Amino acid sequence: MTNHKIAVIVLAGGQSSRMGQDKALLEIEGKSLLQRALEVAATVTPQVYVLTAWPDRYRSTLTEQSQFLIEYNPGSGPLVALTQGLTEIAADWILLLACDLPLLDARIIQNWANQLTNFPQSTLAVVPYQNSRWEPLCGFYRQQSLPSLQSFIDQGGRSFQAWLNQISAIPLPVGEPEAVMLLNCNTLEEFEQLKGKMGSG
């Protein structure tokens with residue numbers, strides 16, 4: 001089921017400094033991480049955006065459903081990126097996805113998306129939560145969260161954790177399959193380990 005009230009933003013603006021090469025273009029089984037994220041996103045909604053300052057680098061990766069959102073403040077972090085998305089995209093909810101989640105599972109994401117209608121209007125974010133930390137780069141943000149996000153950033157806030165702790169955010173419980181899905185990779189070593197997990201999964 002597609003949900004026209006949701007748009008997905010896949011973040012492909014990171015510097016990948018610890019990786020030594022562009023994370024978004026790392027490949028598993030012939031598909032780049034960005035492409036895998038876009039395919040999962042497309043199962044949730046036809047409205048899929050890649051937020052990046054380098055569209056040419058990723059043009060060959062775009063799926064038919066996805067389009068570019070050009071990052072106007074590259075390198076300023078995911079909170080600022082989310083602000084831009086909430087400002088420029090018309091949707092009730094935005095699902096923010098990092099491009100370095102190789103084990104994204106369309107069923108889990110879809111299940112989470114289906115729950116959004118159950119939450120009260122006052123809920124501004126619905127985000128996985130584990131080990132006393134939010135997992136904001138696989139979370140849902142309501143359009144109405146923009147004013148509080150904007151004022152948080154204007155006051156110098158840069159931490160997703162701090163912002164989510166001060167707004168009406170609902171934690172999504174993370175069991176073992178969700179915890180596996182949320183594993184990301186910052187180094188080539190981690191990437192190789194995750195690839196091994198996929199082979200055995």
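Everything quoted here is computed from the prediction, not taken from an experiment. (Residues numbered from 1 in each chain as written. Predicted model: local features only at pLDDT ≥ 70, side-chain atom pairs only at ≥ 80, totals over all residues. Heavy atoms only, no water.)

Chemist: Break down the overall build of the chain for me, with residues and values.
Modeler: Along its length, the chain carries eight helices and 10 strands. At 16 Å, the chain has a C-alpha radius of gyration in line with the 17 Å of a compact globule built from 201 residues. Here the C-alpha coordinates of the chain stretch approximately 40 × 35 × 30 Å along the principal axes. The 201 residues of the chain split such that 53% are buried. (Helix = DSSP H or I, 4+ residues; strand = E, 2+ residues; numbered from the N terminus. Rg over C-alpha atoms; globule rule 2.2 N^0.38 Å. Buried < 20%, exposed > 50% of the residue type's maximum accessible area, 1.4 Å probe, protein only.)

Chemist: Requested: an account of the pairing of strand 9 (residues 138-142), with residues and values cited.
Modeler: Walk down a regular strand and you will see the side chains alternate between the two sheet faces. The buried fraction of strand 9 is high, at five of five residues. Side chains of strand 9 alternate between two faces, with Cys138, Phe140 and Arg142 and Gly139 and Tyr141 buried alike. Of the strand pairs in this sheet, strand 6 (residues 93-98) and strand 9 are connected by five bridges, and their pairing is antiparallel. Residue pairing across strands places Leu96 opposite Gly139, the latter belonging to strand 9. (Pairing = 2+ DSSP bridges.)

Chemist: Describe the packing of aromatic side chains, with residues and values.
Modeler: Under the counting rule described, the total for this entry stands at four aromatic pairs. Aromatic side chains Tyr141 and Phe160 sit 5.7 Å apart centroid to centroid with 40 degrees between the ring planes, which places their arrangement in the tilted category. Note that Tyr141 is positioned in strand 9 and Phe160 in helix 6 (residues 160-166), a separation of 19 residues in sequence. Of the two residues, Tyr141 and Phe160, neither departs from the other in class, the shared state being buried. Centre to centre, the rings of Tyr141 and Trp163 are 6.0 Å apart; their planes meet at 25 degrees, and the pair counts as stacked. In this pair, Tyr141 is assigned in strand 9 and Trp163 in helix 6, connecting sequence segments 22 residues apart. There is no split in this pair, since Tyr141 and Trp163 are both buried. Taken together, the ring pairs in this structure connect Tyr141, Phe160 and Trp163 into an aromatic cluster. The ring of Trp54 is capped by Arg57, whose NZ or CZ atom sits 4.4 Å from the centre of that ring. (Phe/Tyr/Trp six-rings, centres within 6.5 Å; stacked < 30°, edge-to-face > 60°. Lys NZ or Arg CZ within 6 Å of the ring centre and 35° of its normal.)

Chemist: Give a detailed account of the confidence of the model for the chain, specifying residues and quantitative values.
Modeler: Overall, the predicted model of the chain reaches an average pLDDT of 89, with 93% of residues at or above 70. Taken element by element, the chain is modelled with least confidence in helix 8 (residues 188-200), mean pLDDT 77, and with most confidence in strand 9, mean pLDDT 98. (pLDDT = per-residue confidence, 0-100.)

Chemist: I'd like a rundown of helix 3 (residues 78-88), residues and numbers included.
Modeler: Among the 11 residues that make up helix 3, eight are buried, leaving the element largely enclosed by the rest of the structure. For helix 3, the complete set of buried residues consists of Leu79, Val80, Ala81, Leu82, Thr83, Gln84, Gly85 and Leu86.

Chemist: Could you give me a rundown of the packing of helix 1 (residues 33-44) against helix 4 (residues 106-115), with the residues and numbers involved?
Modeler: Two elements in contact, helix 1 and helix 4, have axes separated by 9 Å at closest approach and are oriented at 35 degrees. Seen along the crossing, helix 1 lies across helix 4 with a hand that is right-handed. Every residue of helix 4 that contacts helix 1 at Val40, Thr43 and Val44 is listed here: Ala106, Ile109, Gln110 and Ala113. Split by residue class, the contact of helix 1 with helix 4 holds five nonpolar, two polar and no charged. (Axes fitted to C-alpha atoms, helices over the stretch in contact; angles between N-to-C directions. Left-handed = near helix turned anticlockwise from the far one by under 90°. Contact = heavy atoms within 4.5 Å. Nonpolar A, V, L, I, M, F, W, Y, C, P; charged D, E, K, R; others polar.)

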